[in-house]
Amino acid sequence: MSLPGLSPLDPDRDYVSGDISSEAVLVMYGDYTCPHTRNAQNLDLRLSETLASQAVFVYRQCPIPERGAAADTAARFALAAGLQGKFWDAHSALFAVDPDMPQSGLDALAQDLQLDAEKLSRDMRSDEVTAHLEKDYRAAQAADVQETPALFINGAHYVGAWDELSIIEEVERPLGVRLRSASEHFFHWAASAGLVLILATIAALMFVNVGFHDVYERLRDTEIGISVGDTGFSLSLQTWVNDGLMAIFFLIVGIEIKREVNDGELSSLSKAILPIVGAVGGILAPVVIYLVFNAGLDSAGGWGVPMATDIAFTLGIIALLGPRVPLPLKVFVSALAIADDLGAILVIAVFYGHGFHVEPALWALAVLAVMLLLNRSRIYSRTPYLLLGLLLWFAVHESGLHATLAGVLTAVMIPSRKSGNVAGVAAQTAAILSAQKGSELGGEPLRILQNAVERLREPGYHLQHKLEGWSNFLILPLFAFFNTGIVLSGGGFSIASPVNLGVILGLVIGKPLGILLACWLAVRLGFASLATGVTWTQMAGAGCLAGVGFTMSIFIATSAFHGDILNSVKLSVLIGSVLAAVIGSMVLLRQPTEK
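1. Brief notes about a nonpolar patch on the surface
On the surface, W189, L195, I198, L199, I202, M206, V210, F212, V215 and L320 cluster together into a nonpolar patch covering about 900 Å² of accessible area. Here the nonpolar patch gets five residues from one element, more than from any other, and that element is helix α9 (residues 192–209). Structurally, L320 can be placed in helix α13 (residues 311–321). Residue class for L320 comes out exposed when judged on its relative accessible area of 56%.

Below is the structure:
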C-alpha cells in the first residue's frame, strides 16, 4: 500500500496492528525514551482497539539522537523482539519501564517476555535490525518528522489535537471533516493565494468582455457610505476596496516588514545587505527603463508602476517549482520582496497621494501620538491599536495622503517584544495539564494556558495570523476583480506606446537586470556574499520572478493614471507579469534539482 509523503507500507517488514486491508492507515513515528511519546502511549492503545476494524496501525522507530544510546538500544530491543514474534509485547513493555534502564533491566524485561536472551542479544546487533532501524529513520526524515510522536493518517501529517475523538473523526472523515481538511490543505498551500488572484483576474476579464461591462462599471461606482445626522462619509465600492480593505493588506505587510527587521532576514547587516541591495537595484532599474521611454511626457508620473514585486505570486511560483529552488534562494527572494515592499510603500506615501490638507494631517499625528504612548507603555492588547487605526485611516484619507499608509503606520505602532521562553511555557503547560489530568479543563487553568500560548509570539504575529487568510482570499481577490476588468478589444491598446513599453520592459528586463547587477556589484566589492549552493543563473531566474508586479503595480497604476490610459497600463502590467513569471520559471526549471 502506497502512502503519499511516506515510504510504502510493507506488511512483511512493518509492524502493524489491525486489518491490513483497511482503507485508513495510521503511521506513528516514536521514541521509547521520549516523554511525549510515552505520554501518548495510552492513546495509541485505545485507538488501535477502537479502530481495529477501520484502520491499520503502524509503528516505526525514530530514536532521537539527542537522547543518546538509550533511545537506540530501546528501538533495537523492540525490533529484535519482533524477530521472535514479540514486537507488540516488547513495544508495550518498553513504555512501562524506566526509559534509561541499565542493561540488567533489559535482561529482566526479556525474561519477563520469555524471549531467547542469546538470540535477542545477537539480533540487537545484527545487520537486519540495523538496516530496519536505519530505514525507519530515513523514512522519518523524508516525511519531515521534526519531533516525536508524529502521527500520519493516510499519508498526511496529522496536526490536529491529540485527542481520541478528534483522531477517530479524522479516520472516519465525515463530510465536515473532509471539507475542513480540504480547505486547510488548500489555504496552507503556498501557491493558493496566487491561484485565487489569477481566478479573480480571469473572472473580471471575462465579466467585462462578454457583455457585462456596463454592469461592472456600475458596480464599481456604487456609492457606499456612513451617515450620522447631517454628517456623511461615502466612497465608491472600488475606492472602499482600494483605499479601505487594502489598508488591511498593508497592515499585514507592515507587520511582516517589522518582524523581518526586528528578528528576521533583515535584522542584521550581514543578513540584510544582499536582499536590500538587490531590492534597491530592482526598484531603480525599472524606473530608469520606464523614464527612458516616458521622460518629458504626461505619462512620466507612472514611473512607480514597474518597480513593485508581488509577494503572493512570486513566492507561490517558487513553491510550485519545489526543489528546483534551493532554500537559501527562497530566503533571499522572501527578504528581497519584503524590502521591495518597504520601498513601494515609501513611494506610494510620498509620490502618489492626492493633494495635502494640514488639519486632517495634524489629527493623524495626534492619533499616532496616542498609539506611540500605548506602545511605550507596553500595552500589548491589539484592540486599542485597531480602534485607533480606524481613526488614523480616516484622518490620513482626508489629509490627501494615500489612506493605505494608515495600515503600515498602525503596524509600526503595534508593540514588539521577543518571543516567549518556549521551555518555560512548556513546563508551565505540563504542570497545569498534569494537575488537571482526569478532570475537565476549564476556568482559571484554561485561561492561564491560553495566555501562555499567546505569549509565545509577539502581538503582531497573532494579528497577522487572524487577518492573513482574509487578506489572501478575500481582500486581494476583490482588489484584483475590481481593478482588472479591462476591455480587450477596441480599447486602442498599443504595445509600442511609450507607457506600455516602459511598464512591460521595466518588469521583464528592468527587475532582473537591476537585482542581478546590484547583487553582483555587492559581492564583487566584498560587501556581501552569495549563499552557499546558489548560482548566478538561479539569481537571474529569481530576479525574473521578482518582475511579477501585479497587485502592487496595479495599485500604483490606479493612483498614477485615470481613464483609458489606466486600462492600458493595467493590461501592460498583466502582460509584463506573465512574461516575467514564464521566463523566471523556465530559467529555474533548467537548474539541477536540489538534493
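Picking up where we left off.
2. Side note on the nonpolar core
The nonpolar side chains of a soluble globular protein tend to be buried with one another. Membership of the largest hydrophobic core comes to 78 residues, with the highest contact counts inside it found for M246, F250, V305, L329, F332 and V569. Here this core takes 11 residues from helix α14 (residues 327–351), the largest share from any one element. With residues near it in sequence (within four places) discarded, F332 still touches L274, P275, I515, C519 and M539.

3. Concerning the environment of L113
Its place among the elements puts L113 in the loop between α4 (103–112) and α5 (117–124). When neighbours within four sequence positions are excluded, L113 is seen to be in contact with F77, K86, D89, A90 and A93.

4. Here we look at the side chain of T37
Looking at where T37 falls in the secondary structure, it is placed in helix α1 (residues 35–50). Within the structure, the side chain of T37 is placed 3.5 Å from the side chain of T148, a separation counted as a polar contact. For T37, the residues in contact, after removing those within four places along its chain, are G30, D31, Y59, F95, T148 and P149.

5. Some points on the side chain of S577
Examined against the element boundaries, S577 turns out to sit in helix α24 (residues 564–589). There is a polar contact of 2.8 Å between the side chain of S577 and the backbone oxygen of V573. Those residues in contact with S577 that sit more than four places away from it in its chain are L507, G547, V548, G549 and F550.

6. Notes on the pattern of salt bridges
For the structure shown, the criterion picks out nine salt bridges. The partner of D14 in a salt bridge is R60, and the shortest N-O contact between them spans 3.1 Å. Of this pair, D14 sits in the segment before β1 (15–18) while R60 sits in strand β3 (residues 55–61), and the two are 46 residues apart along the sequence. Side by side, D14 and R60 carry an identical accessibility label, which is buried. Taking the shortest distance from any N to any O, the salt bridge between E458 and R259 comes out at 2.8 Å. A residue pair is termed long-range when its members are at least 10 positions apart, and E458 in the loop between α19 (443–455) and α20 (459–483) and R259 in helix α11 (residues 237–263) qualify at 199 residues. What makes E458 buried here is its relative accessible area of 10%. In this structure, a network of salt bridges that share partners links the residues R13, D14, R60 and D136.

7. Looking at the packing of aromatic side chains
Here the structure, examined in full by the defined rule, presents 21 aromatic pairs. Between W240 and W393, the aromatic rings sit 5.8 Å apart at their centres with planes inclined by 15 degrees, giving stacked as the arrangement. A residue pair is termed long-range when its members are at least 10 positions apart, and W240 in helix α11 and W393 in helix α16 (residues 383–399) qualify at 153 residues. Residue classification places W393 among the buried residues on the basis of a relative accessible area of 11%. Ring centres of F479 and F555 lie 6.0 Å apart, and the angle between their planes is 40 degrees; on these two criteria the pair is classed as tilted. Remark: F555 occurs in helix α23 (residues 550–560) and F479 occurs in helix α20; sequence separation between them is 76 residues. F479 sits in the buried class, given a relative accessible area of 1%. The buried category is assigned to F555, whose relative accessible area is 1%. Chaining the aromatic ring pairs together yields one cluster made of F207, F212, Y216, F481 and F482.

8. A few points about helix α2 (residues 69–82)
Here α2 is 14 residues long and its end C-alpha atoms lie 20 Å apart, about the 20 Å a rise of 1.5 Å per residue gives. Among the 14 residues that make up α2, 10 are buried, leaving the element largely enclosed by the rest of the structure. A71, A74, A75, R76, F77, A78, L79, A80, A81 and G82 are the residues of α2 that are buried. Contact partners of the buried residues in α2: β1, β3, α3 (87–96), α4, α5 and α6 (127–142).

9. As for the packing of helix α21 (residues 498–524) against helix α22 (residues 536–545)
It is at 7 Å that the axes of α21 and α22 come closest, and there the two elements cross at 140 degrees. In terms of orientation, α21 lies oblique with respect to α22. You can see that α21 and α22 cross each other, and the crossing is right-handed. Counting all contacts with α21, which are made through K511, P512, I515, L516, C519, W520 and V523, the residues of α22 involved are W536, M539, A540, G543 and C544. Looking at the contact of α21 with α22 residue by residue, the class counts come to 10 nonpolar, one polar and one charged.

10. Looking at the environment of F212
Considering the arrangement of structural elements, one finds F212 in the loop between α9 and α10 (213–221). Of the residues examined, F212 reaches a relative accessible area of 39% and is grouped as partly exposed. When the C-alpha atoms of F212 and V396 are compared, they prove to be 35 Å apart, with 184 residues separating the residues in sequence.

11. Thoughts on the pairing of β3
With seven of its seven residues buried, β3 lies for the most part within the structure. Along β3, one buried face is formed by A55, F57, Y59 and Q61 and the opposite face, lined by V56, V58 and R60, is buried too. Bridge count between β1 and β3: four bridges; the pairing is antiparallel. In the strand pairing of β3, S17 is matched with F57. In terms of strand pairing, strand β2 (residues 24–30) meets β3 through seven bridges, oriented parallel. Bridge pairing links A24 to A55 in β3.

What counts, and where the lines are drawn
Residues numbered from 1 in each chain as written. Predicted model: local features only at pLDDT ≥ 70, side-chain atom pairs only at ≥ 80, totals over all residues. Heavy atoms only, no water. Patch = residues over 30% accessible without salt bridge, like charges linked within 9 Å, V, L, I, M, F, W, Y side chains within 5 Å. Areas by Shrake-Rupley, 256 points an atom, 1.4 Å probe, with all protein chains shown as cover. Salt bridge = Lys/Arg side-chain N within 4 Å of Asp/Glu carboxyl O. Helix = DSSP H or I, 4+ residues; strand = E, 2+ residues; numbered from the N terminus. Buried < 20%, exposed > 50% of the residue type's maximum accessible area, 1.4 Å probe, protein only. Core = buried A, V, L, I, M, F, W, Y, C linked by side-chain atoms within 4.5 Å. Contact = heavy atoms within 4.5 Å. Polar contact = N/O pair within 3.5 Å; in protein donor to acceptor, adjacent residues only side chain to side chain. Phe/Tyr/Trp six-rings, centres within 6.5 Å; stacked < 30°, edge-to-face > 60°. Expected span 1.5 Å × (residues − 1). Axes fitted to C-alpha atoms, helices over the stretch in contact; angles between N-to-C directions. Parallel < 35°, antiparallel > 145°, perpendicular 65-115°, else oblique. Left-handed = near helix turned anticlockwise from the far one by under 90°. Nonpolar A, V, L, I, M, F, W, Y, C, P; charged D, E, K, R; others polar. Pairing = 2+ DSSP bridges.

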